[in-house]
Every structure is written in C-alpha cells, then in structure tokens.
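Topology and contacts: notes
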Amino acid sequence: MTEFWLISAPGEKTCQQTWDKMMVATTRTNNLSTNYKFNIPDLKVGTLDVLVGLSDELAKLSSFVESVVKKVAQYMADVLEDSRDKVQENLLANGVDLVTYLTRFQWDMAKYPIKQSLKNISEIISKQVTQIDNDLKARASAYNNLKGNLQNLERKNAGSLLTRSLADIVKKEDFVLDSEYLVTMLVVVPKTSYAEWQRTYETLAEMVVPRSTNLLFEDQDSGLFSVTLFRKAVDDFRLKARENKFLVRDFQYNEEEMKADKEEMTRLSTDKKKQFGPLVRWLKVNFSESFIAWIHIKALRVFVESVLRYGLPVNFQAMLLQPNKKNMKKLREVLYDLYKHLDSSAAAIIDQSAMDIPGINLSQQEYYPYVYYKIDCNLLDFK
C-alpha cells in the first residue's frame, strides 16, 4: 500500500496519551494499520483571520505542488523510455525512497525556517515549486523537439518502400549520372508482380534502355528496381507504370543532400545523448525538491487545521497511518469511534453517508471529526 492517512487529534493530558490510545485502537488487537508519529515543529501561529485565509490558500497550493510532483515523475518515465522499471529507483526524496522519507519525516529548518510566519513559509514553497514547474516546461519542450525531429528522420528511414527514404539503400553506381539524354528511375514493384515487371518494363514507354533493370532492395511486400530511359520518355513511362500498379518514386541522386541528411541524423542523435544525462539528473533533483515541498505543505495544513479545530494553546498529536488494504473501512470506523466526541456535525455526515441516499454523495466530502489528509506515494500513471 502506497496510501497514507495523515491525521491529528488533540492532546489528552499529554500528546503521548493521544498516540497510545490510537495505537491500542488500531494495532494491538486488530492490525488495521502501521502507524508513525509525524513530527511537526512549533510553528508561529499568527492570528485567527490569517489562519482561516491560509487554510484555503494551502489547499490550492497543495493541489498545485502535487500536480508538479506528478508531472516531474511522469516526465522522468517518458525520458527513460525503455527503462521504465528504473523510474521508481530514480524517484527519491533526500536520497531515500518516498515511503521511508514520509515515515521518518523531519522538518527541513534550513529550507523552511520556522521563525518565519506560516504565510511566508507557504510563499517560499510556492515560489520554489513555480520555478521548478517553469523550468520543467522549458527543458521538456527543448528535449521533446529534439526527440521529435530525430524520430521524424528515423521514421523516414523505415517503413514501406512506397514512402521511406531511399538514400541509405541506393549507391552511386546504380545510376546513370551527368547524362544529357539518359536518366535512371526507381520503381517499387509488388513481389507478386516481379515476372510481370521483367516482361513489360521495356515496353511501358518508347526509349527504355533494354536490359537496364536491376533489383536494388526488397522489403516484405515489394522490391525496388532501377530502370534507365531517355529523359523525354519519363512522363509517359510514369503514367504507364502507374496503370500497371508499378510506383515510380521521385528520387534524384544527390550526394551532397544525402550526406547532409546523414550528418543531421548523427547530430540529433549526439545532441539527444548529450542532453539525456543532465536532464535525468535535473529531474531527480527537482523531483526530490518538489516531493519534499509537498510533504511540508501537508504538515502546514495539519498544523493550521488542528489549531483552527482544536484551539489554543497548540496541543495536538500528528500521526501517519498506513492502512492495511483489506481493513480500510474498519479503520475508518475505529477512528470515528475514537474521535466522534470532537465534532458532532461530523457524526451527521457519517450517518447520512452510511444511509446511501440516492443522488447525495456526502461521503465524498471526506470530512471527519479528526484532521485528515491523504498522501499517495504512487505518483506514476503508466499507460
């Protein structure tokens, strides 16, 4: 299970008691979840007005940062192409896997100093992640252009003889070059029509050089034949060939152009390899940065929401639960029983959702008598 529930409940006489009570309810007898204390430092509370405003802002910021985390992860998977199984080992936070980082979460005092106000901390995170988002767009655009151009060239050199580039198939000696009167043409002939071609090509137009055809290349369905004729017969030959289901390819042997195409392909391929390493390194670093920022926002949200719900002085225990997949419904019920005294209005929502009233889906609101945020560490959406 990569899903975690980050919850908080007010301190009893001590926060340790709150923790012990939750542990007894969820693990001692029934193994509903694996639990971890989630350490949030003593942040500056500020005024109630600021907290209420901040609660909404943090919700929006959390969605934005989550979307950036997922974008970076998904782009990492796209860039690693054939090595998708290696993606997971590159998606680390502070050098450890995501579950380890989350279950051992420690606030990063250097990045997000707790002497700053909550609003300032949220602005630091917002600026940092917006910058990552903008950089990702620019880097992805440059790399995708390069990759796209290379794929277009590769596509030209593959596929059917009817459409593919012929430059890497033909040689100089296949052509009559620099002749005022004669020209060599290339014709695609279906394999089933080879005999027909050999029998008729000399008669498709006047002025075809006898015995001038050669088979230069074959794919699954067709062969590429050369044929030499007088220039003035070209249009007539093209027309008659088409009537006989032979396709004349527009191709002129030009060494300069062919060399330029090859060089372009080599250049693009080299550029792609050159950019690949630094890009993967950038993605690793900035995945880590954005994931860490996202978990700090979750911590901020728990802090703000706990103060708004449970009041001052600050006295709550934040707890991270990793639900056992089979027992998620039961875990909800146990937590509800444990904390229903905190908020009677939540009881009404739970009761109504249990009744499954058609057209009313109150359960989707995910409102519980305790502070609750879901964190899912599965960030990849493999197609």
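Relevant structure appears above.
What comes next is a walk through the structure. This structure is a prediction, so every number in the text was calculated from the model and none was measured. (Residues numbered from 1 in each chain as written. Predicted model: local features only at pLDDT ≥ 70, side-chain atom pairs only at ≥ 80, totals over all residues. Heavy atoms only, no water.)

1. Notes on helix α1 (residues 15-28)
When the terminal C-alpha atoms of α1 are compared, their 19 Å separation across 14 residues agrees well with the 20 Å that a helix rising 1.5 Å per residue should span. Within α1, burial applies to Thr18, Trp19, Met22, Met23, Ala25 and Thr26. On its buried side, α1 packs onto β1 (3-10), β2 (33-37), β9 (316-323) and α9 (328-339). (Helix = DSSP H or I, 4+ residues; strand = E, 2+ residues; numbered from the N terminus. Expected span 1.5 Å × (residues − 1). Buried < 20%, exposed > 50% of the residue type's maximum accessible area, 1.4 Å probe, protein only. Contact = heavy atoms within 4.5 Å.)

2. Quick word on the packing of helix α2 (residues 48-79) against helix α5 (residues 118-156)
Look at α2 against α5: their axes get within 10 Å of each other, and the N-to-C directions meet at 25 degrees. As far as their axial angle goes, α5 and α2 are roughly parallel. Crossing angle aside, the handedness with which α2 passes α5 is left-handed. Of the residues contributing to the contact of α2 with α5, the split by class is 17 nonpolar, 4 polar and 7 charged. (Axes fitted to C-alpha atoms, helices over the stretch in contact; angles between N-to-C directions. Parallel < 35°, antiparallel > 145°, perpendicular 65-115°, else oblique. Left-handed = near helix turned anticlockwise from the far one by under 90°. Nonpolar A, V, L, I, M, F, W, Y, C, P; charged D, E, K, R; others polar.)

3. Description of the packing of aromatic side chains
By the definition in use, this model includes 18 aromatic pairs. When the centroid spacing of 6.1 Å and the interplanar angle of 70 degrees are considered together, the rings of tyrosine 101 and phenylalanine 291 count as edge-to-face. Of this pair, tyrosine 101 sits in helix α4 (residues 98-103) while phenylalanine 291 is found in helix α8 (residues 255-310), placing the two residues 190 residues apart along the sequence. What makes tyrosine 101 buried here is its relative accessible area of 7%. Both rings, one in phenylalanine 175 and one in phenylalanine 251, keep their centres 5.9 Å apart while their planes meet at 35 degrees; by these two values the pair is tilted. One end of the pair, phenylalanine 175, is in the loop between α5 and β5 (182-190); the other, phenylalanine 251, is in the loop between β8 (247-249) and α8, with 76 residues separating them in the sequence. Like phenylalanine 175, the residue phenylalanine 251 is buried in the burial classification. A connected cluster of aromatic rings, assembled from ring pairs, spans Phe38, Tyr101, Phe105, Phe287, Phe291 and Trp294. In this structure, arginine 332 packs its charged tip against the face of tryptophan 5, placed 3.8 Å from the ring centre. One Lys or Arg, arginine 332, reaches over the ring of tyrosine 368 and ends 4.0 Å from the middle of that ring. (Phe/Tyr/Trp six-rings, centres within 6.5 Å; stacked < 30°, edge-to-face > 60°. Lys NZ or Arg CZ within 6 Å of the ring centre and 35° of its normal.)

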